[in-house]
Amino acid sequence: RWAGQALAELDRAMRLLERRAGEFGGQARNDRFAADIDTLLAARPHLPALAARLAAAAPGSLQTRIHGDFHLGQVL
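The text that follows walks through the structure, step by step, so that each part is easy to find.

Helix and strand counts for the protein chain come out as four helices and zero strands. The linear arrangement of helices and strands in the protein chain, starting from the amino end, is α-α-α-α. The burial tally for the protein chain puts 12% of its 76 residues in the buried class.

Laid out in structure tokens, this is it:
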């Protein structure tokens, strides 16, 4: 189930990245950000297998939830 959800989120992110990649035309297309976009899009075919490997390794593992409001005051 986790792998399916992760792949669905990755697919949505990749589709958005593909749509927005064209916005980096001209000089901006040569910067490192554009190269990172190309790297991510090139890796897209490998993501399902990676998610499947992670899911196979996960049974019995501890699940961590991220609250999103963790700050120094809570640590102290």
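This paragraph deals with the pattern of salt bridges. Scanning the entire structure with this criterion turns up three salt bridges. For aspartate 11, the salt bridge identified is with arginine 15, shortest N-O distance 3.0 Å. With aspartate 11 and arginine 15 both in helix α1 (residues 2-21) and four residues apart, this pair spans about one turn of that helix. The residue arginine 44 makes a salt bridge to glutamate 18 at a minimum N-O spacing of 2.9 Å. Of this pair, arginine 44 sits in the loop between α2 (32-43) and α3 (47-57) while glutamate 18 sits in helix α1, and the two are 26 residues apart along the sequence. Given the relative accessible area of 21%, arginine 44 is considered partly exposed. The structure contains a network of salt bridges with shared partners spanning Asp11, Arg15, Glu18 and Arg44.

Turning our attention to the nonpolar core. If you look at the biggest cluster of nonpolar residues, it comprises five residues: Met14, Leu17, Ala21, Ile37 and Leu47. Element by element, the count of residues in this core is highest for α1, at three residues.

Looking now at a nonpolar patch on the surface. Among the surface-exposed residues, Trp2, Leu50 and Leu54 lie close enough to one another that they form a single nonpolar patch of about 310 Å² accessible area. Checked against the element boundaries, leucine 54 lands in helix α3. Note on leucine 54: relative accessible area 48%, which makes it partly exposed.

This brings us to α1. The terminal C-alpha atoms of α1, which comprises 20 residues, lie 28 Å apart, in line with the 28 Å expected from a rise of 1.5 Å per residue. Within the span of α1, buried status applies to Ala3, Ala6, Met14, Leu17 and Ala21. Along α1, the residues classed as buried sweep out an arc of 65 degrees about the axis, all on the same side. Exposed side of α1, more than 90 degrees from the buried face: Glu9 and Arg19 are the residues found there.

What follows is about the environment of leucine 41. In this structure, leucine 41 sits in helix α2. Along the primary structure leucine 41 and alanine 21 are separated by 20 residues, whereas in three dimensions their C-alpha atoms are 9.5 Å apart.

Procedures and definitions
- Residues numbered from 1 in each chain as written.
- Predicted model: local features only at pLDDT ≥ 70, side-chain atom pairs only at ≥ 80, totals over all residues.
- Heavy atoms only, no water.
- Helix = DSSP H or I, 4+ residues; strand = E, 2+ residues; numbered from the N terminus.
- Buried < 20%, exposed > 50% of the residue type's maximum accessible area, 1.4 Å probe, protein only.
- Salt bridge = Lys/Arg side-chain N within 4 Å of Asp/Glu carboxyl O.
- Core = buried A, V, L, I, M, F, W, Y, C linked by side-chain atoms within 4.5 Å.
- Patch = residues over 30% accessible without salt bridge, like charges linked within 9 Å, V, L, I, M, F, W, Y side chains within 5 Å.
- Areas by Shrake-Rupley, 256 points an atom, 1.4 Å probe, with all protein chains shown as cover.
- Expected span 1.5 Å × (residues − 1).
- Arc of directions from axis to C-beta.

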